[in-house]
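Per-entry structural report
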Amino acid sequence: MDPHSRFSRFNARQTKAGPLASTSRYMDQPPKPRIVLDNLPTKSGPKTPSTPKRSSSISSSSTLYAERPIATNSRVKQDEQYRKDMHLAFVNNALHMKTLGISDAFDELVDQFNPRKIAKVTPDAPSPAPQLRLWILALSHVVSRFERVHSALVEAIVDMPWTTMDTTFVKSYTNFIGMLVSARPEYLSLVLGRIAQGLTYQSGLQALDSGLPESSSKPLTRRLVYDRIHYLLRHLIALVPTCPSTLHPSLSRHFPHKRQNQTTQVTYIRNLLRVTEYCPEIADRILALVIDRAIQIDVEIQVELEELEDHLESEEQGELFELDPFDTVVGQEGEDSDSDGDEDEGDGDNLSDLSSDAGDPDEDDDQEDVATDFKHIQDMVNKLDSILKIIFDHFNQNHATHDPALAPLPSLPSTPTSRADSPSLLTPFSELPSMSLEEGKIIRRAQFHTLLAIFERIILRTFKSRYTQFVVFWYSSLDPEFADLFQGMLVSKALLEEDQPPVTRAAAASYIASFVSRAQFVDREGARRVVSVLCNFLRSRLDVFDAMAQMGAGGSTNVAQHSLFYAVAQAIFLIFCFRWRDLLEDQDEVDEFAPAQGPPKKWMPELDVVQRAVTSELNPLKICSTNVVMQFARVAHATGFVYCYSIMDANRRSDYAPSPPSAPGTSAHTPAKKALVFEHAMTSELNTFFPFDPYKLPRSGSYIQGVYREWSSVAIDEDEEDTENEAETEAEDEEAAEPAGIYVNGARTSHPDETDGLGHSFGGMSISPARPGPLQQSRILVV
């Protein structure tokens, strides 16, 4: 027989699907007997010859066998595979037709990911997540075919509210984005920009607009939304090596403005600090970004918090117990304004109120401006307090995690409720491999060096910051090595690096003085080393000044030329007031007051230069801060170190003395007057800067309390000194009571017992510049 004949047995081919017939290959072989399971005693129910009938009959009597019918599962898998093939065919056709210029099918595909279309799903309708997942799975097979003309589809997928879907869709979506950026790196910036935007507080509003029900028993919270975004970001960082360098600009671009409300700032900063946990490549830049934002808010708080509380005590303050915004259910947030400045809209010039019958509008406007200004400052204080507390919490958690001596943390508090629902790619600190003590020190040391670099680049060069620098203060308390490194860096900036600007060097000297005075963790030897270096610098400067005076090239004592000398002298004065007990040569000889007939105290030999500096022509007692000078004079006199009141009296008289008459047309005293004005301008800007003044922020203040030295703990008994100086102060006031001379020259407005209450002012020394009074302003104008 012809083998190509249609009657040939070789043409009797069976279909691919279904079981093979027993007679398909061997025509002569008898059929095999069918296995009959009817007589088996273990099976109950009616006996049926075929599986479908058996399953349908069993379903009426036993739910156990109805839940897992073999044939039904097979059909479900076949139907699912069929739907996948249909979606893949549609996607292939849409992409191909789009390249040819036909956009109908492509536009329909893009419309599947339209958030508005997804949001229109009614509550009783099935979730759109399974259908969208099929599209995502189909697109995962063709990511390499995406061209520039298909960018609209990619943008629609990136912008869809995927964080509100179920966990199965989130995993599929994450895998698709990973394949997309791997096959098409040009979309990495788009994806990272959307991720950075998703870390903001406003990203929850998009989830609210989507209106998609989460297929879980637990409500959809912001914490779950942010967990999924971090899951995706960490997945991309593991896939793409260049991801960190592209991520940082996006994070910086989406950082909220400093005028936006507290919740917005806190939410984004918490997410940024969490990124540093799994992306150490940009941890230093993220930390610098956060500290820079904190210091921008810090410099706007140039008022004492006690004064602020007095103005706002009648108003309603913030709630005592605040809810964590991460635990807020999406859709149940209150209507928060996006910016603190929204309330001020329309507060411009009220021209409609300026009428002849409106009375005096200036007074009302001034009162409203003052109230608004204090309200704005209170908002800034709350923001700064919350930001610093987040930073302290972050460092404290890292310190506890990297120190094996401390108790291990069970889990991160950021994601306790969402581990069951969110993908478990993120690993908390507690699940990281245990490290040795040396490895923990290496990590903390690297982090501290990062803080020092940020301090040198941002904080040190920012004038009038009040609280941000306490981040370095607290971190230095974790290890004596850190305190030594911080002091060494400040000494180098102030005394050794001559290429630094004078203002930077003077600011570093102020930081040295305030740090050694206030830090409880700086021991006796550390304080003596710093004072020794500062005294040696004063001695070298005095030697140069005396040598130039002998050669006839000296004589110039303006602050501009010797600003660093005065800053170092003030640093020594301040440290002496707080640490004079540690500067004694014999530790056993520490008394509050030296006995009248007893031997004098023995001080460290380097302090001998202070007497020389005080009596020199540079006269630091006249230039340095009044509070520091007055308190130094009291402590130095009470401890028998040096007597300064005679020089201070001479300085006061020189200020009050009237100018001698000069011939018409001459200007013999003009340079002296200009130098005097310049001195006061420099001292008001420099010598009122005390970086580590008492910490007054309520939330974050708990981190500073245990490592901070208050003035009340080191102040000496001032009762005897008050009685001794009362007569001297009254006599000085009587001698200087020449109303005509004082009022005309406008040297000072008044001297109401400068020594009274000095301990209180010294304990809460303000770095805010004092507002000049009317006579001080007139003095500047007249001179």
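Fair warning: this is a prediction, and the values are worked out from it, not measured in the lab.

About the criteria used
Residues numbered from 1 in each chain as written. Predicted model: local features only at pLDDT ≥ 70, side-chain atom pairs only at ≥ 80, totals over all residues. Heavy atoms only, no water. Helix = DSSP H or I, 4+ residues; strand = E, 2+ residues; numbered from the N terminus. Buried < 20%, exposed > 50% of the residue type's maximum accessible area, 1.4 Å probe, protein only. Contact = heavy atoms within 4.5 Å. Areas by Shrake-Rupley, 256 points an atom, 1.4 Å probe, with all protein chains shown as cover. Axes fitted to C-alpha atoms, helices over the stretch in contact; angles between N-to-C directions. Left-handed = near helix turned anticlockwise from the far one by under 90°. Nonpolar A, V, L, I, M, F, W, Y, C, P; charged D, E, K, R; others polar. Expected span 1.5 Å × (residues − 1). Core = buried A, V, L, I, M, F, W, Y, C linked by side-chain atoms within 4.5 Å. Phe/Tyr/Trp six-rings, centres within 6.5 Å; stacked < 30°, edge-to-face > 60°. Lys NZ or Arg CZ within 6 Å of the ring centre and 35° of its normal. Salt bridge = Lys/Arg side-chain N within 4 Å of Asp/Glu carboxyl O. Polar contact = N/O pair within 3.5 Å; in protein donor to acceptor, adjacent residues only side chain to side chain. Parallel < 35°, antiparallel > 145°, perpendicular 65-115°, else oblique. pLDDT = per-residue confidence, 0-100.

Side note on the overall build of the protein
- The helix and strand tally for the protein stands at 32 helices and zero strands.
- Here the protein, with 783 residues, has 44% of them falling under the buried criterion.
- By sequence separation, contacts in the protein at least 24 residues apart represent 79% of the contacts at least 6 residues apart.
- Looking at the protein as shown, the accessible area adds up to about 41600 Å², and 53% of this sits on carbon and sulfur atoms.

Notes on the packing of helix H11 (residues 222-239) against helix H13 (residues 262-278)
- Put simply, H11 and H13 touch, their axes get as near as 11 Å, and they point 35 degrees apart. Considering how the two elements wind past one another, H11 and H13 form a crossing that is right-handed. Contact with H11, carried on its side by Arg223, Tyr226, Asp227, His230, Leu233, Arg234 and Ile237, involves Thr267, Arg270, Asn271, Arg274, Val275 and Tyr278 of H13 and no other residues of that element.
- Across the contact of H11 with H13, the residue classes tally to five nonpolar, three polar and five charged.

Here we look at unusual backbone geometry
- Positive phi, close to 70 degrees, is recorded for Lys464, a residue that is not glycine.
- Tracing the backbone through its elements, the reader meets Lys464 in the loop between helix H17 (437-459) and helix H18 (470-476).
- Despite not being glycine, Asn619 has its phi angle at roughly 50 degrees, a positive value.
- You can see Asn619 is positioned in the loop between helix H23 (608-614) and helix H24 (620-623).

Section: H13
- Here H13 spans 26 Å end to end across 17 residues, near enough to the 24 Å set by a 1.5 Å rise per residue.
- Buried residues dominate H13, accounting for 14 of its 17 residues.

Some details on the nonpolar core
- Of all hydrophobic cores here, the largest spans 180 residues; its most connected members are Phe113, Leu139, Phe146, Leu153, Phe486 and Phe632.
- When residues of this core are assigned to their parent elements, the largest contribution, 14 residues, is made by helix H22 (residues 563-579).
- Other than its neighbours up to four places away in sequence, Leu139 contacts Val91, Leu109, Phe113, Phe146, Leu153, Ile157 and Phe176.

Here's the deal with the packing of aromatic side chains
- A complete count under the given rule lists 37 aromatic pairs for this structure.
- Here Phe470 and Phe692 contribute two aromatic rings whose centre-to-centre distance is 5.2 Å and whose plane-to-plane angle is 85 degrees, an arrangement assigned as edge-to-face. Remark: Phe692 occurs in the loop between helix H27 (670-686) and helix H28 (702-705) and Phe470 occurs in helix H18; sequence separation between them is 222 residues. Summarising the burial analysis for this pair, Phe470 and Phe692 share the class buried.
- A network of ring pairs unites the aromatic residues Phe455, Tyr467, Phe470, Phe473, Phe486, Tyr511, Phe515, Phe521, Phe692, Tyr695 and Tyr708 as a single cluster.
- Lying across the ring of Tyr201, Arg222 places its NZ or CZ 3.9 Å from the centre.

Here we look at helix H6 (residues 129-140)
- Look at H6: 16 Å from first C-alpha to last across 12 residues, which is about the 16 Å you get at 1.5 Å a residue.
- Listed in full, the buried residues belonging to H6 are Ala129, Leu132, Leu134, Trp135, Ile136, Ala138, Leu139 and Ser140.

With respect to the environment of Leu287
- Summarising the element assignment, Leu287 is placed in helix H14 (residues 283-298).
- With a relative accessible area of 6%, Leu287 lands in the buried category.
- Linking Leu287 and Leu272, residues 15 residues apart in sequence, is a C-alpha distance of 8.4 Å.
- In contact with Leu287, other than residues within four places in its own chain, are Phe395, Thr450, Leu451 and Ile454.

Looking at the pattern of salt bridges
- Inspection of every chain in the model, using the stated rule, returns 20 salt bridges.
- Glu80 serves as the salt-bridge partner of Lys84, at 3.7 Å between the closest nitrogen and oxygen. With Lys84 and Glu80 both in helix H3 (residues 70-99), this residue pair falls four residues apart, about one helical turn.
- Where Lys493 meets Glu497, a salt bridge forms, and the shortest distance between an N and an O atom there is 3.1 Å.
- Three or more residues are tied together by salt bridges with common partners; here these are Glu147, Arg184 and Glu186.

Focus on the side chain of Ser465
- The residue Ser465 is located in the loop between H17 and H18 in this model.
- Overall, Ser465 belongs to the buried group, its relative accessible area being 0%.
- Separated by 2.8 Å, the side chains of Ser465 and Gln469 make a polar contact.

Quick word on the packing of H22 against helix H25 (residues 626-638)
- Here H22 crosses H25 at 50 degrees, and the two axes come no closer than 9 Å. Classed by the angle they form, the pair H22 and H25 counts as oblique. Crossing of H22 against H25: the hand is left-handed. Residues Gln570, Phe573, Leu574, Phe576 and Cys577 of H22 lie in contact with H25, whose contacting residues are Val628, Gln631, Phe632, Val635 and Ala636.

Section: the confidence of the model for the protein
- Confidence along the protein averages 74 in pLDDT terms, with 59% of residues attaining 70 or more.
- When pLDDT is averaged over each element of the protein, H18 comes out on top at 96 and helix H30 (residues 739-745) at the bottom at 29.
- With pLDDT under 50 throughout, residues 335-361 is counted as low confidence; its partners more than four residues away or in other chains account for 19 contacts.
- For residues 766-783, every residue scores under 50 in pLDDT, and the model assigns this stretch 33 contacts once sequence neighbours within four places are set aside.

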